[in-house]
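# Structural overview
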Amino acid sequence: MSDHSPQDSSSLVKPRVLSRREVARSRLFRVESLELRFSNGAERTFERLTGGGQGIGAVMIVAMPDPDHVLLIREYAAGFDDYVLTLPKGLVDPGEDVVGAANRELMEECGFGANNIEPLIELSLAPNYMRHRMQVMLASDLYEKRLPGDEPEPLVVETHAIDDLPALLAREDFHEARAIAALYIARDKLRETAAQPPSFW
């Protein structure tokens, strides 16, 4: 057994940024190179992806048309050059809060609005390379309403049982880590709420 104990996180010192420069830019993203010196003297070059919308934020919506089912969308994913099954999501527009953004994205991508929207959790993706954060929202008490969005083609909306996550994970077209985490967190929250005894006043 190793006697090496993990370092206390309170003693960690962030590395010093020696230099910072932009190495590439596209319509949506910038690639930034950072020259870093760590507290032990080690120096490394890190690259990170940044984008104009990251300071505003993004939302992902677990929309429940009833207590047992969730809405998923099928959309083209350029990274995989294929259609994938995932949760509705999008950027928070300037002037919006996360609840308003979640309701708008739900209307644009699924054709539903929600009377009840509450935050579930904040997730990141590949934090070594990007600072993108996504607010996962739980939406219920849905009603039909569609808004025009910026999708290049109509999205296919599917309804799946939230308790049947193993079957979803067995599919080749359902693999986005944030969507998987969001569904498990939502399912556990719903189970916890259902298990609580009713309160009487």
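Up top is the structure these notes are about.
We now turn to the structure provided with this report.

## Concerning the packing of aromatic side chains
Taken as a whole, this structure holds two aromatic pairs when the rule is applied. For the pair phenylalanine 38 and phenylalanine 46, a centre-to-centre distance of 6.1 Å together with 45° between the ring planes defines the contact as tilted. We classify phenylalanine 38 as partly exposed; its relative accessible area is 28%.

## Regarding the sheet that holds strand E7 (residues 89-91)
Read across the open sheet, the four strands follow the order E7-E4-E9-E8; overall the sheet is mixed. A strand with exactly one partner marks an edge of an open sheet, and here the two such strands are E7 and strand E8 (112-124). Taken pair by pair, the neighbouring strands of this sheet meet at an average axis angle of 25°, ignoring direction. Examined bridge by bridge, strand E4 (residues 58-63) and E7 share three bridges and lie antiparallel to one another. Bridge pairing links methionine 60 to lysine 89 in E7. Contacting E4, E7, E8 and strand E9 (133-144), helix H3 (residues 177-195) runs over the sheet at an angle of about 115° to E8.

Cut-offs applied
- Per chain, the residues get numbers from 1 upward, laid out in the order the sequence is written.
- In keeping with the predicted nature of the model, local features appear solely for residues at pLDDT of at least 70, side-chain atom pairs appear and are counted solely at 80 or more, and the whole-chain, interface and lining totals rest on all residues.
- Calculation of side-chain values draws on the structure's entire complement of heavy atoms; hydrogens and water are dropped beforehand.
- The aromatic pairing rule takes the rings of Phe, Tyr and Trp, using the six-membered ring of Trp, and pairs them if the centres are within 6.5 Å, calling planes under 30 degrees apart stacked, those over 60 edge-to-face and the rest tilted.
- Under the scheme applied here, a residue whose accessible area is under 20% of the maximum for its type counts as buried, over 50% as exposed, and between as partly exposed, the area being computed with a 1.4 Å probe on protein chains only.
- Strand pairing requires that DSSP identify at least two bridges connecting the strands.
- Runs of E in the DSSP output that reach at least two residues are strands. Runs of H or I that reach at least four are helices, and both are numbered from the N terminus.
- All axes are obtained by fitting lines to C-alpha atoms, using only the stretch in contact for helices, and the reported angles, taken between N-to-C directions, cover 0 to 180 degrees.
- Note on contacts: a residue pair is in contact if any heavy atoms of the two residues lie within 4.5 Å.

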